[in-house]
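Coordinate analysis (summary)
Residues per chain are reported as follows:
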Amino acid sequence: MKFIHLTDTHLALEPLYGIDTRERLERLAAHVRSRADGAAFAVVTGDLVNRASPKAYGAAAEILRGLDMPVFVLAGNHDDPQLMQEFFAPASEVDLCGLTEGKRPALLAPQLLRTPLFEAVFLNTHQDAAPSGRVRADDLARVREGGREGRPRLLFMHHAPFASGIAAMDAAGLENAHELREAIEAAADVAGIFCGHLHRTMTGLWAGIPVWCLRSTAHAVAPELRGAVMKGVLEAPEYALVEVRCDCGKLTVLSQTMRFTEPDACFCL
Ligand SMILES: [Fe+2]
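All of the points below concern the structure found in this document. Keep in mind that this is a model prediction, so the values were computed, not measured.

1. Details of the pairing of strand β13 (residues 239-247)
- As defined by bridge partners, strand β1 (residues 2-6) adjoins β13 across four bridges and the pair is classed as antiparallel. If you follow His 5 over to β13, its bridge partner there is Ala 240.
- Taken together, the nine bridges between β13 and strand β14 (residues 250-258) define a ladder with antiparallel strand orientation. Across the sheet, the residue bridging to Leu 241 is Gln 256, located in β14.
- Once β13 ends, the chain turns through two residues before running back antiparallel as β14, passing Cys 248 with a positive phi of about 55°.

2. Side note on the nonpolar core
- By size, the foremost hydrophobic cluster in this structure holds 72 residues, and its most contacted members are Ile 4, Ala 42, Ala 60, Val 71 and Phe 156.
- Here this core takes six residues from helix α2 (residues 54-65), the largest share from any one element.
- Apart from the residues lying within four places of it in its own chain, the contact partners of Val 71 are Ala 42, Val 44, Leu 64, Pro 105 and Leu 107.

3. Some thoughts on unusual backbone geometry
- Backbone geometry at Tyr 17 places phi at a positive 50°, although glycine is not the residue there.
- Look at Tyr 17 and you get partly exposed, because 14 C-beta atoms sit within 10 Å.
- The phi torsion at Ala 129 lies on the positive side, around 60°, for a residue other than glycine.
- With respect to the helices and strands, Ala 129 occurs in the loop between β6 (119-122) and α4 (137-145).
- C-beta crowding within 10 Å serves as the criterion here: with 5 such atoms nearby, Ala 129 is assigned to the exposed category.

What counts, and where the lines are drawn
- Residues numbered from 1 in each chain as written.
- Predicted model: local features only at pLDDT ≥ 70, side-chain atom pairs only at ≥ 80, totals over all residues.
- Pairing = 2+ DSSP bridges.
- Helix = DSSP H or I, 4+ residues; strand = E, 2+ residues; numbered from the N terminus.
- Core = buried A, V, L, I, M, F, W, Y, C linked by C-beta atoms within 7 Å.
- Buried ≥ 20, exposed ≤ 12 C-beta atoms within 10 Å, placed from the backbone.
- Contact = placed C-beta atoms within 7 Å.

This is the structure:
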């Protein structure tokens, strides 16, 4: 099974730091259609828009529908969860197999997605009027309880649970990462975490769990380790094509980043 992970699309109606974020997302959708059409669904891990407005969410929804697959979203610190739900319907549980083919692709904000190989748990880390994040008590309880069908679980959230080392970003990080860690350790069925917020691609282990944080499809954050001022940098945007397999009862999860704005310059080796 394959899925698309993208994050921090920051769709803006005007150029953002000189970037046409709408055109970026359209190019991403075209790239997915031409290169990654075997994906079963896409997940956007927050910050869909830069400034929440019906127009911005409407534009994001229209372009994301062009991925031609179900799209699941969660809120980031730039999002307005209430407004977002007018364009991405809230759902407590979604069964991927139950989504009817042939209709317009679903745009949903689920809490749980069941797939044949794993369960995807969507955690809401948005806080009103704060760039930092916090996993809510009910979400912590859902993580702690463990999955119902014995399948491994993958967590999706906006704020990265780990400290990045970039001081200005870590000041706006996840406030209760220790509580999430305790819940994950209690459940013992979490196979990995997909997140955004840092606007940098960072992968590794956090609390022994694989983490995949992706660069924004808009602007990147500069790897300035010191200083309170957050700095941006213009780097090639990315999305990821993630392949999940189940080999002998063990999950294999491989995330391949795709640079969708670079010229296609393939050659034979
Ligand atoms: Fe962001």
